[in-house]
Every structure is written in structure tokens, then in C-alpha cells.
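In case you want the letters, here they are:
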Amino acid sequence: MDNSLKGLILAAGVIITCLVVGLGFYISREAKNTSSNGISQITSMNSEYQDVNKTMYDGVTVSGREVLKVIEKYGTELSKGDFTIIVYTGKKGVERGGVIFNTQNYSTNEARKVKSESYINPDGSFLGELSQDENGAYSKLSFAQQ
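Predicted, not measured: the structure shown is a model, and the values here were computed from it.

## Brief notes about the pairing of strand 5 (residues 138-145)
Taken together, the 5 bridges between strand 2 (residues 84-88) and strand 5 define a ladder with parallel strand orientation. Across the sheet, residue Thr84 finds its bridge partner in strand 5, namely Lys140. With 7 bridges joining them, strand 4 (residues 125-132) and strand 5 adopt antiparallel strand pairing. Within strand 5, the residue paired with Glu129 across the bridge is Ser142. Between strand 4 and the antiparallel strand that follows it, strand 5, lie 5 residues; Gly136 among them carries a positive phi value of about 90°.

Below you can see the structure in the form of C-alpha cells.
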């Protein structure tokens, strides 16, 4: 009887061990699925709200300092050609009064020089306007000096 009791205890221990290991694998798999779903939801939310930083300038009057910061902030997108910023300063000699920041010009160096035709007055007021392309993506942000 002593041997049969030890056999039953060993069998119960093996069964409990298998249940615990199986439960661990199940929890691990569920955690992986949950985290994958969470990551995909965060990615989709990020893409939805990615343009919020651009839409906050639509119809809002900002200072010239803020315009310069916006140009620097979107320098990477400007250099890739994904986005264009046009600043209408009204200075003579600049095509239609606008300074275009895109793949050819995405630096604010000239815009900071007072004697430059591309000068953006840091104390000036600029009204922002955001434009979409045919696909609904925001492609152009323009600021007109008030």
C-alpha cells in the first residue's frame, strides 16, 4: 500500500505540474495576442492623430517666432517633399509675396536675416491655413502676415 500511495502522489504531482505548465503557456499566448492587439490599436490611433499637430495651425493667428518653429519642426517632412510651408510676408522681390519651404529650401537661416527677401518678422502676426491634397492628406500649410 505504501508503493501505491507513492504512485498516486507522483501521478497527482505530474498532473498538477502539467496543468500549471499548460496554464502558463495559455496565459503567455493570451498576453502576446493582447499586446499585439494593443500595439496595432496604438499604431492606428497614432496615424489618426498624427496630423493633429498640423491642424492646430489652421485658422489660428501665430507669431513669426512660432512660424519659424513650425518650419524647423517639420524640416524632415519638408526635405522629403511630403509637406510644403508657404509664408506670405508681403516683402517685394519674393514670388507673389510668399517664401516657400520645401525640398529645395527647408532651412530658416535666410528667414532669420533681417535684410533677406525671405525674412520672417518674429514679432509679426501670421494667420495659418492648412490645405489637403486629392487624397485628403495635409500637404501644405501657409501663413499670411496680418
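## Observations regarding the nonpolar core
Ranked by internal contacts, the top residues of the largest apolar core, which has 19 residues, are Ile85, Phe101, Ile120 and Phe143. Of all the elements in the fold, those that place two or more residues in this core are helix 3 (64-73), strand 2, strand 3 (98-101), strand 4 and strand 5. Counting residues per element, this core draws most heavily on helix 3, at 4 residues. Setting aside its immediate chain neighbours within four residues, Ile120 contacts Gly64, Val67, Leu68, Ile71, Val87, Thr89, Phe101, Ala111 and Phe126.

## What to know about the packing of aromatic side chains
Taken as a whole, this structure holds 2 aromatic pairs when the rule is applied. Pairing Tyr57 with Phe143 gives two aromatic rings, centres 6.1 Å apart and planes at 75°, and the pair type is edge-to-face. On the criterion of sequence distance, the pair formed by Tyr57 in the loop between helix 2 (52-55) and strand 1 (61-63) and Phe143 in strand 5 is long-range, its members being 86 residues apart. Taking relative accessible area as the criterion, Tyr57 reaches 4% and is therefore assigned buried.

## Notes on the confidence of the model for the protein
Regions with low pLDDT carry predicted coordinates that are not meant to be interpreted in detail. When the pLDDT values of the protein are averaged, the result is 81; 92% of them are 70 or greater. Here strand 3 stands out as the element of the protein with the lowest mean pLDDT, 76, in contrast to strand 1, whose mean of 90 is the highest.

Parameters and conventions
- Residues numbered from 1 in each chain as written.
- Predicted model: local features only at pLDDT ≥ 70, side-chain atom pairs only at ≥ 80, totals over all residues.
- Heavy atoms only, no water.
- Pairing = 2+ DSSP bridges.
- Helix = DSSP H or I, 4+ residues; strand = E, 2+ residues; numbered from the N terminus.
- Core = buried A, V, L, I, M, F, W, Y, C linked by side-chain atoms within 4.5 Å.
- Buried < 20%, exposed > 50% of the residue type's maximum accessible area, 1.4 Å probe, protein only.
- Contact = heavy atoms within 4.5 Å.
- Phe/Tyr/Trp six-rings, centres within 6.5 Å; stacked < 30°, edge-to-face > 60°.
- pLDDT = per-residue confidence, 0-100.

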